[in-house]
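Given next are the chains, with one letter for each unit.
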Amino acid sequence: MKLYDVVVVGAGPAGMMAAIRIGQLSKSVVLIEKNDILGKKLKITGSNRCNITNTASFNIFLEKFGKRGSFFRSAFSTFSSRKLITFFKVKGLKFKVEDDGRVFPVTDRSRSVIKVLKEYLSENNVIKNYNTRLINIKKKKDYFSLDLGNDNYMATIKVILATGGVSYKATGSTGDGLDIAQKMGHNITTLKPGLVPLKFSASWVKELQGISLENIRIIIKYGEKKVISDNGNLIFTHFGISGPLILDLSNQIISILEKTETVQFFIDTKPEITIQELEEKLIKEFEIRRKSEFKNFMKFLLPNRMIPVFIKLLGMDPKKKVNQIKKEERNSIINLLKAFPLTITGSLGVDKAMITCGGVSRREINPQTMESKLIPGLYFAGEIIEGCAPSGGYNLQQAFSTGYLAGEAASNKES
Ligand SMILES: Cc1cc2nc3c(=O)[nH]c(=O)nc-3n(C[C@H](O)[C@H](O)[C@H](O)COP(=O)(O)OP(=O)(O)OC[C@H]3O[C@@H](n4cnc5c(N)ncnc54)[C@H](O)[C@@H]3O)c2cc1C
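Each chain has its residues counted from 1, following the order in which its sequence is written. Given that this is a predicted model, residues contribute local features only at a pLDDT of at least 70 and side-chain atom pairs are listed and counted only at 80 or more, while totals for whole chains, interfaces and linings are drawn from all residues.

Draft legend 1. Molecular detail of the overall build of the protein chain. Starting at the N terminus, helices and strands are each numbered in turn, a helix being any DSSP run of H or I of at least four residues and a strand any DSSP run of E of at least two. A count of helical and extended segments in the protein chain gives 13 helices and 18 strands. Here the C-alpha coordinates of the protein chain stretch approximately 90 × 45 × 35 Å along the principal axes. Each residue is classed by its C-beta neighbour count within 10 Å, where at least 20 other C-beta atoms makes it buried, 12 or fewer makes it exposed, and intermediate counts make it partly exposed; the C-beta atoms are placed from backbone geometry. Among the 415 residues that make up the protein chain, the fraction classed as buried is 42%. Taking the intrachain contacts of the protein chain between residues at least 6 apart in sequence as the baseline, contacts between residues at least 24 apart amount to 73%. We call two residues in contact if the C-beta atoms placed from their backbones are at most 7 Å apart.

Printed below as a string of structure tokens:
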């Protein structure tokens, strides 16, 4: 049986980058992938546009991964966002920067990113085995035996597990690598959904389906304390809420939901003005449009389809003329505009999450090399490692950076 220098398992961004780096360093390398194509999840990233990285500083990158950030220090410094962009630019793919430093290919197509990766894989003689699923790994005296099912085995000196997490299982990330790592003695930290839509309980949830609210503020309370407050956009869906702001807050909300059954959530639909300014504005507008019916007046303040729910919650007559609205009613309107309440009951779960938070414990991985501290010669790259960031391109950069570092270290005789 041929003995390879390195076998990389999983052809997502982490595995492809690891295999390319190994090929560049002239080692024999096989990339095995259970799907019949490379980068199935990468293809759907950023709504098929691939938010590949971010222009944020090195320190912000570490901060985005919270208390796990320092683990990625070597990976991000060895293969930074700048190096990642240059890696693609030398093959002719250019990038543009959008809101919050999010970097996308100018083509607006994740396919162009995958095309460049394929080019690198071919020119660096990476052997690609599609439709090949790793079932198990056995550590022999000085090599690893990879069980590929149906009595097929592969022998390799080193192995990199880059099989992803357990989210969007249809893309191939079913957690095989996590099971295999666990069988080999690694601890897997709790697998939680990250960047996931949230569910809320209200009889009118479906009436709001499809409505987007832009530039609003979310205020979340836990007990009597205000624990989170952030501005952005959200969208109501048939089950609850989603959108960039919600996905980014979901990790924190899920942590609170572990301690309590529901989370109180308030939408400030007018964060740019204070309660007092809003009151002055309403008094003035009520005077100008004195004969308007309340339901028509509200069109100046909220999306049309939200108005019936808003008025129902207030318990007011939708046809009431605005000049007949009493002070207490005006105060209730102001309170609801500044703190529209929702009770969050849960998330859509890890399969519908864009990222899995949790994975192989970072304490058992050498952050300088991505090599297992328990099993020399076994490496990890990408989402299989515990730790996740908000949206913005940080997670893909993590996959590329850890893939590059693992590939480089696995090619190095000293490691
Ligand atoms: C809808 C969506 C949109 C996203 N958008 C963005 C974005 O714009 N920007 C961003 O930074 N992040 C985004 N992410 C997150 C990003 O996709 C992940 O961080 C990234 O794909 C992780 O890369 P990976 O290589 O570690 O794992 P994956 O991409 O999950 O790749 C793992 C590969 O391993 C293969 N595999 C699994 N088990 C086996 C086995 N036993 N044998 C052989 N092969 C196996 C799988 O088939 C898969 O191809 C998004 C995620 C989703 C779901």
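Draft legend 2. Quick look at the site of the ligand. Working rule for contacts: place C-beta from the backbone, and if it is within 6 Å of a molecule or strand, that residue counts as near it. Lining the immediate surroundings of the ligand are 39 residues, of which Gly10, Gly12, Gly164, Gly172 and Gly382 lie closest. Elements supplying a minimum of two residues to the shell around the ligand: α1 (13–24), α2 (40–48), α7 (176–183) and α13 (394–411). The greatest single-element share of the shell around the ligand, amounting to six residues, is contributed by α2. Its residues assigned to classes, the shell around the ligand shows 16 nonpolar, 16 polar and seven charged. Each residue gets one of three labels, nonpolar for Ala, Val, Leu, Ile, Met, Phe, Trp, Tyr, Cys and Pro, charged for Asp, Glu, Lys and Arg, and polar for the others, Gly among them.

Draft legend 3. The arrangement of the domain arrangement of the protein chain in detail. According to the domain assignment, the protein chain consists of domain 1 (3–189 + 359–411) and domain 2 (197–348). Each of domain 1 and domain 2 has a C-alpha centre, and these two points are 41 Å apart. For the domains described, the bounds stem from an automatic or database domain assignment.

Draft legend 4. Structural view of the packing of α1 against α13. Lines fitted to C-alpha atoms define the axes here, with helix axes fitted over just the stretch in contact, and angles between the N-to-C directions of these axes take values from 0 to 180 degrees. Remark: α1 packs on α13, axes separated minimally by 7 Å, with the N-to-C direction vectors making an angle of 35°. The handedness of the crossing between α1 and α13 is right-handed. For the pair formed by α1 and α13, the contact residues are Pro13, Ala14, Gly15, Met17, Ala18, Ala19, Ile20, Arg21 and Ile22 on the first element and Leu396, Ala399, Phe400, Thr402, Gly403, Tyr404, Ala406, Gly407, Glu408, Ala410 and Ser411 on the second. Its residues placed into classes, the contact of α1 with α13 shows 13 nonpolar, five polar and two charged. It is the rotation of the near helix from the far one that decides the hand of a crossing: anticlockwise by less than a right angle makes it left-handed, clockwise makes it right-handed.

Draft legend 5. Examining the pairing of strand β7 (residues 136–139) more closely. Strands pair, by our definition, only if DSSP identifies at least two bridges between them. Relative to strand β8 (residues 144–147), β7 runs antiparallel, the two being bridged by four bridges. Each bridged residue has a counterpart across the sheet, and for isoleucine 137 the counterpart in β8 is leucine 146. Once β7 ends, the chain turns through four residues before running back antiparallel as β8.

Draft legend 6. Quick peek at the sheet that holds strand β3 (residues 53–54). Taken together, three strands build an open sheet; the order of strands is β3-β5-β4 and the sheet is antiparallel. The outermost strands of the open sheet, each flanked by one partner alone, are β3 and β4 (95–97). Strand direction decides the pairing type here: β4 and strand β5 (residues 102–105), joined by three bridges, are antiparallel. Residue pairing for β5: phenylalanine 95 is matched across the bridge by proline 105.

Draft legend 7. How the structure looks around unusual backbone geometry. Despite not being glycine, serine 26 shows a phi value in the positive range, around 60°. Mapping serine 26 onto the fold places it in the loop between α1 and β2 (29–32). Accessibility expressed as a C-beta count within 10 Å gives 11 for serine 26, which makes it exposed. Of note in this structure, asparagine 215 is not a glycine but carries a positive phi near 50°. Among the secondary structure elements, asparagine 215 is positioned in strand β12 (residues 212–222).

Draft legend 8. Up close: the sheet that holds strand β16 (residues 340–347). Taken together, six strands build a closed barrel; the order of strands is β11-β14-β13-β12-β15-β16 and the barrel is antiparallel. Ignoring strand direction, the axes of neighbouring strands in this sheet form an average angle of 45°. Here five bridges tie strand β15 (residues 263–268) to β16, and the two strands are oriented antiparallel to one another. Within β16, the position partnered with phenylalanine 265 by the bridge is leucine 342. Against the sheet, helix α8 (residues 244–257) makes contact with β11 (198–200), β12, β13 (225–236), β14 (240–242), β15 and β16, and its axis sits at roughly 145° relative to β13, the strand it touches most.

Draft legend 9. Main features of the pairing of β2. Here β2 shows a buried face lined by Val29 and Leu31 and a second buried face lined by Val30 and Ile32. Here four bridges tie strand β1 (residues 3–9) to β2, and the two strands are oriented parallel to one another. Within β2, the position partnered with valine 7 by the bridge is valine 30. Crossover connection from β1 via α1 to parallel β2: handedness right-handed. Inspection of the sheet shows β2 paired to strand β6 (residues 127–129) by three bridges, in the parallel sense. Looking across to β6, one finds that isoleucine 32 is bridged to asparagine 129. When the strands point away from the viewer, a crossover counts as right-handed if the route from the first strand across the helix to the second turns clockwise.

Draft legend 10. Focus on the packing of α2 against helix α6 (residues 110–123). The N-to-C vectors of α2 and α6 enclose an angle of 150°; their axes lie 8 Å apart at closest approach. Accordingly, the angle class assigned to the pair α2 and α6 is roughly antiparallel. Where α2 crosses over α6, the two elements pack in a sense that is right-handed. Every residue of α6 that contacts α2 at Leu42, Lys43, Thr45, Gly46 and Asn48 is listed here: Ser110, Arg111, Val113 and Ile114. For the contact of α2 with α6, a count of residues per class yields three nonpolar, four polar and two charged. Relative orientations are named as follows: roughly parallel for angles under 35 degrees, roughly antiparallel for angles over 145 degrees, roughly perpendicular for angles from 65 to 115 degrees, and oblique for any other angle.

Draft legend 11. Examining the environment of lysine 169 more closely. Within the fold, lysine 169 resides in the loop between β9 (153–161) and α7. Placed 122 residues apart in sequence, lysine 169 and lysine 291 show a C-alpha to C-alpha distance of 56 Å. Sequence-distant contacts of lysine 169, that is, excluding residues within four places in its chain, are made with Thr174 and Asp351.

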